[in-house]
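Breakdown of the fold
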Amino acid sequence: MLNRRSLRVKAMQSLFAYGQCKEANYNLGLAEIDEAFLPDLNSMEAQDRDLLKSQRQQSKRVYANKINGSALDPSEVIGEEAQKAANDAQKTYLSNQRKDFNHMLSSMILDAESLIDRFLEVVSLLIAWSDHSKVEADKKSKISPEKVVVGDYNFSKNKVIEFFKNSSKVQVALVKRNIGWEDEEQNVKNWYKEVLKKDEVYNEYRRTANPSFEEDKAIVDHIVKQEVFKIDMILAFFEERDIFWQENKAIARSLVSRSIRDLEESSSPKEFELPDFSNNWEEDKSFFEKIFKSAVENDEEYSKIIGAKTKNWEVDRLAITDQIILKMAIAEMLNFQSIPVKVTINEYIELSKNYSTPKSKQFINGILDVISVELKTSGKLKKSGRGLMDNK
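Here's what I pulled together on the structure shown here. (Residues numbered from 1 in each chain as written. Predicted model: local features only at pLDDT ≥ 70, side-chain atom pairs only at ≥ 80, totals over all residues. Heavy atoms only, no water.)

The next point concerns the overall build of the protein chain. When helices and strands are tallied, the protein chain shows 16 helices and zero strands. Against the globule reference of 21 Å for 392 residues, the protein chain gives a C-alpha radius of gyration of 29 Å, more extended than a compact globule. With the principal axes as the frame, the protein chain shows a C-alpha extent of 95 × 70 × 40 Å. When burial is assessed residue by residue, the protein chain has 45% of its 392 residues classed as buried. Of all intrachain contacts in the protein chain linking residues separated by at least 6 positions in sequence, the fraction that spans at least 24 positions is 75%. Positive and negative side-chain charges in the protein chain, numbering 60 and 65 respectively, have mean positions lying 4 Å apart. (Helix = DSSP H or I, 4+ residues; strand = E, 2+ residues; numbered from the N terminus. Rg over C-alpha atoms; globule rule 2.2 N^0.38 Å. Buried < 20%, exposed > 50% of the residue type's maximum accessible area, 1.4 Å probe, protein only. Contact = heavy atoms within 4.5 Å. Lys, Arg positive; Asp, Glu negative; His and termini not counted. Charge placed at Lys NZ, Arg CZ, Asp CG, Glu CD.)

This next bit is on the packing of helix H9 (residues 213–228) against helix H11 (residues 245–262). For any two helices packed against each other, one specifies the crossing angle of their axes together with the interaxial distance. Where H9 contacts H11, the axes come no closer than 10 Å and their chain directions differ by 175°. Of the possible angle classes, the one that applies to H9 and H11 is roughly antiparallel. Together, Lys-217, Val-220, Asp-221, Val-224 and Lys-225 of H9 and Val-256, Ser-257, Ile-260 and Arg-261 of H11 make up the contact between the two elements. Looking at the contact of H9 with H11 residue by residue, the classes come out as four nonpolar, one polar and four charged. (Axes fitted to C-alpha atoms, helices over the stretch in contact; angles between N-to-C directions. Parallel < 35°, antiparallel > 145°, perpendicular 65-115°, else oblique. Nonpolar A, V, L, I, M, F, W, Y, C, P; charged D, E, K, R; others polar.)

The subject of this paragraph is the nonpolar core. The biggest cluster of nonpolar side chains holds 94 residues, and the ones touching the most others in it are Trp-129, Phe-164, Ile-223, Val-228 and Phe-288. Ranked by residue count, the leading element in this core is helix H4 (residues 115–143), at 11 residues. Those residues in contact with Trp-129 that lie beyond four places of it in its chain are Phe-155, Val-188, Trp-191, Tyr-192, Leu-196, Ile-223, Val-228 and Ile-234. Core analysis: the second largest hydrophobic core is formed by 13 residues, Tyr-26, Phe-37, Ile-67 and Ala-89 among them. (Core = buried A, V, L, I, M, F, W, Y, C linked by side-chain atoms within 4.5 Å.)

With that out of the way, let us pick up the packing of aromatic side chains. Evaluated as defined, the whole model comprises 19 aromatic pairs. Measuring from ring centre to ring centre gives 5.3 Å for Trp-191 and Phe-237, while their planes differ by 75°; the resulting arrangement is edge-to-face. Of this pair, Trp-191 sits in helix H7 (residues 185–194) while Phe-237 sits in helix H10 (residues 232–241); the two residues are 46 residues apart in sequence, bridging distant segments of the chain. Given the relative accessible area of 12%, Phe-237 is considered buried. Here the aromatic cluster, defined as three or more aromatic residues joined through ring pairs, consists of Trp-181, Trp-191, Phe-229, Phe-237, Phe-238 and Trp-245. Directly above the ring of Phe-287 sits Arg-4, whose terminal nitrogen or CZ lies 4.2 Å from the centroid. The lysine or arginine in question, Lys-290, covers the ring of Phe-336, its NZ or CZ lying 5.5 Å from the ring centre. (Phe/Tyr/Trp six-rings, centres within 6.5 Å; stacked < 30°, edge-to-face > 60°. Lys NZ or Arg CZ within 6 Å of the ring centre and 35° of its normal.)

Attention now goes to the side chain of Asp-242. With respect to the helices and strands, the residue Asp-242 is situated in the loop between H10 and H11. A distance of 2.9 Å separates the side chain of Asp-242 from the backbone nitrogen of Phe-244, its partner in a polar contact. (Polar contact = N/O pair within 3.5 Å; in protein donor to acceptor, adjacent residues only side chain to side chain.)

Attention shifts here to the environment of Asn-210. Within the element layout of this structure, Asn-210 appears in the loop between helix H8 (200–206) and H9. Once the C-alpha coordinates of Asn-210 and Glu-239 are considered, the two residues, 29 residues apart in sequence, prove to be 37 Å apart.

A separate point is the side chain of Ser-259. Relative to the helices and strands, Ser-259 is located in helix H11. In this structure Ser-259 touches Phe-119, Phe-164, Phe-272 and Pro-275, once residues within four positions along its chain are discounted.

Among the secondary structure elements, Met-233 is positioned in helix H10. Sequence-wise, Met-233 and Met-389 are 156 residues apart; in three dimensions their C-alpha atoms are separated by 46 Å.

Applying the stated criterion across every chain yields a total of 34 salt bridges. In this structure, the salt-bridge partner of Arg-61 is Glu-76, at a minimum N-O distance of 2.5 Å. With a gap of 15 residues between them, Arg-61 in helix H2 (residues 49–68) and Glu-76 in the loop between H2 and helix H3 (80–113) connect regions that are remote in the sequence. Exposure remark for Glu-76: the relative accessible area of 23% places this residue in the partly exposed category. A salt bridge links Arg-241 to Glu-121, with the nearest nitrogen and oxygen atoms 3.4 Å apart. (Salt bridge = Lys/Arg side-chain N within 4 Å of Asp/Glu carboxyl O.)

This next bit is on the packing of H7 against H10. Close contact between H7 and H10 brings their axes to 11 Å; oriented N to C, the two are set at 155°. Compared by their axis directions, H7 and H10 come out roughly antiparallel. Touching Asn-187, Asn-190, Trp-191 and Glu-194 of H7 are Met-233, Ile-234 and Phe-237, all from H10. Partitioning the contact of H7 with H10 into residue classes produces four nonpolar, two polar and one charged.

For helix H16 (residues 360–378), with 19 residues, the first-to-last C-alpha span of 26 Å sits near the 27 Å given by 1.5 Å per residue. Immediately downstream of H16, the backbone of Gly-379 shows phi near 85°, a positive value. (Expected span 1.5 Å × (residues − 1).)

In C-alpha cells form, the structure reads like this:
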C-alpha cells in the first residue's frame, strides 16, 4: 500500500529531477546568448570579434543577475544588444521551467498511479509461467508419455492463477494498459527453467497429487515473494522498466500478496476488484502535489530560512539531497496543520538516512529542530487537531 513515506520519496525524486532541469535550462540560456553573438559569416562587412565577445560577456552577466539574483556593477552601462539577448534568454529559461514543472508534477502523479501496472505485470507473469508449464507438460507427454505424472499439470491448473485468468477486471486492465509477456517469451522460458524448476518448494508442489486450494495459494505466494521479488535476474528486468523500482517494488509485492491472501475458494472472478494502491488517493495525491509545488514556488524563501541556520555554509554548498529534504520538511510543516512537527522531522530524518550522506541524519535533525522552533515563535507554524500532538 502506498504510504506517506513513499509519497515523500517520490516528491524528493521529482524535486531532484526538477533541479537538474533548472541547471540544464540555465545552460541553454547561456548557449542562446553565445549564439546571439556569433560572427555573421554571411555578412559582407568585417566583424568586430572583440565587440561581440564583450557583448556576449555582458549579456551573460545580465542573464545571471536575472536568474540568480547576483549583483551587477551599478556603474556598468548595459548595451542594448546585450540587454535584448539577456531578456530573450530569460524568456526561454522561464518557458522551459514552466514546461518542466508541469511535466515533473504530472510524471510524479502518473508514477504513483502506475503502481497498479506493477501489480498487473506480476500477475501476467504468473499467468505466462502457468501457460508455459502446460506447454512443457504437453511436450513431455508427446515425447515420453510414460514419464508424465499428474503433478506436471499442477501449475497450469493452479486455482489462484485460473482465478486471475478468468477475472474480467484483470483481463480488461491488461489489454487496456497493454501489459503482457508476449514480447518477452524468452525471458519467461529462461526464468521458468533457471528459477522455478530449480526451486525445491515448487518441485514439491509438482509432486503433490491434486493440490488443495490452500496449497495452490501457498505456492503462488511463495513464487511471488521468493522468486519474482528476490531473484536478481528478474529484479534487474523490472528495474530496467521502472526507474523507481527500488521504491515501488515493496508496494507492488504487497498488492500482489494481499490479493492472493484475500482469495477464498468460493471467490468469484466476476467480483474481483483491482487492489487499491492507496487508502485515499485523492488525499494522498494532494499531499505530495502540495509539497512539490510549495518547495518549488517558495524555493528562495526556504533557502533563506535554511541559510540563516547554517552559519558557516552557503545553502548551495550543502548536499543537494539535504537541501531538498530541508525544503520539503519546511513545506510540510507550514502547509499541513494536522501533521505534528515531530512526525515531519522524523520522516525527513529517515529520508536523509536512506538517500543522503552518512552525516546528514544529525545535520537534518539539528537544523529542523531549530527552524521549527523559530517558525512557531514567529507565528508562521500553525497546527491544529492531531498536529498539536507532541509539539513543543
